[in-house]
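Take a look at the letters that make up each chain.
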Amino acid sequence: MQMTFYFSDTVVLLFDFWSVHSPTGMVLSVLVILLLSVLYEAVKMGKAVLLRRALLALPRSLSQEALTEPQEEEQSDAAQGRWFWFHVAQTLFHVLQVVLGYMVMLAVMSYNAWIFLGAIAGSTLGYFMVYPLLGRG
């Protein structure tokens, strides 16, 4: 196995069945890695938007009066239910982010320079496309 970056149209990526032996296959593989990197950035930004929404769902003030006064149970249960579903969604986003991140990392560890450039281009493009959406969320 090559342990330095090299330019070639032959590589095995992630799985034995993803074996590339032609320039066309390499272009398609680079596009797949590029799209995985874009998706990684989108999931990362979606996780940030979800966190912002979860924080906005918190009560506006936690004054001493609010802490000493008993709250209605219905309001408390509804808030706990919302927090639970925000937590479930955050967990799913996190798992998806980790899986995508490791897949891109392992593809780059093939040391094929074309795959590396596809991952960098996808990350750049993904960040450029989804960053403006953070202000809208």
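Per an unreviewed UniProt entry, the protein carries the name Copper transport protein and comes from Junco hyemalis. In UniProt, the protein has this text filed under Sequence similarities (unreviewed entry): "Belongs to the copper transporter (Ctr) (TC 1.A.56) family. SLC31A subfamily."

Undergrad: Explain the overall build of the protein to me, and be specific about the residues and the numbers.
TA: Scanning the protein for helices and strands turns up four helices and two strands. Relative to its 137 residues, the protein shows a buried fraction of 26%. Restricting the contact set of the protein to residue pairs at least 6 apart, pairs at least 24 apart contribute 79%. Per element, the accessible surface of the protein, about 9,600 Å² overall, is 68% carbon and sulfur.

Undergrad: Provide a residue-level description of the nonpolar core, including the pertinent values.
TA: In terms of nonpolar packing, the biggest core is built from 15 residues, with Leu13, Met26, Ile33 and Ile115 touching the most fellow members. Contributions of two or more residues to this core are made by α1 (23-56), α3 (73-108) and α4 (113-136). Sorting elements by how many residues they give to this core places α1 first, with five residues. Setting aside anything within four residues of it in sequence, one finds leucine 13 in contact with Trp18, Ser29, Ala107, Ser110 and Ile115.

Undergrad: Lay out the side chain of serine 37 in plain terms, naming residues and giving numbers.
TA: Assignment of secondary structure puts serine 37 in helix α1. Take serine 37: its relative accessible area is 4%, and that puts it in the buried class. Beyond its immediate stretch of four places on either side in the chain, serine 37 contacts Val104, Gly118, Ala119, Gly122 and Ser123.

Undergrad: Any details on a nonpolar patch on the surface? Residues and values, ideally.
TA: On the surface, Phe5, Phe7, Trp114, Phe116, Leu117 and Ile120 cluster together into a nonpolar patch covering about 600 Å² of accessible area. As for its placement among the helices and strands, tryptophan 114 is situated in helix α4. With relative accessibility at 40%, the residue tryptophan 114 sits in the partly exposed group.

Undergrad: Give me the side chain of serine 110: which residues, what numbers.
TA: With respect to the helices and strands, the residue serine 110 is situated in the loop between α3 and α4. Among all residues touching serine 110, those that are not within four sequence positions of it are Tyr6, Val11, Val12, Leu13 and Ile115.

Rules used throughout
- Residues numbered from 1 in each chain as written.
- Predicted model: local features only at pLDDT ≥ 70, side-chain atom pairs only at ≥ 80, totals over all residues.
- Heavy atoms only, no water.
- UniProt positions renumbered as here; feature names shortened; annotations may be inferred.
- Helix = DSSP H or I, 4+ residues; strand = E, 2+ residues; numbered from the N terminus.
- Buried < 20%, exposed > 50% of the residue type's maximum accessible area, 1.4 Å probe, protein only.
- Contact = heavy atoms within 4.5 Å.
- Areas by Shrake-Rupley, 256 points an atom, 1.4 Å probe, with all protein chains shown as cover.
- Core = buried A, V, L, I, M, F, W, Y, C linked by side-chain atoms within 4.5 Å.
- Patch = residues over 30% accessible without salt bridge, like charges linked within 9 Å, V, L, I, M, F, W, Y side chains within 5 Å.
- Salt bridge = Lys/Arg side-chain N within 4 Å of Asp/Glu carboxyl O.

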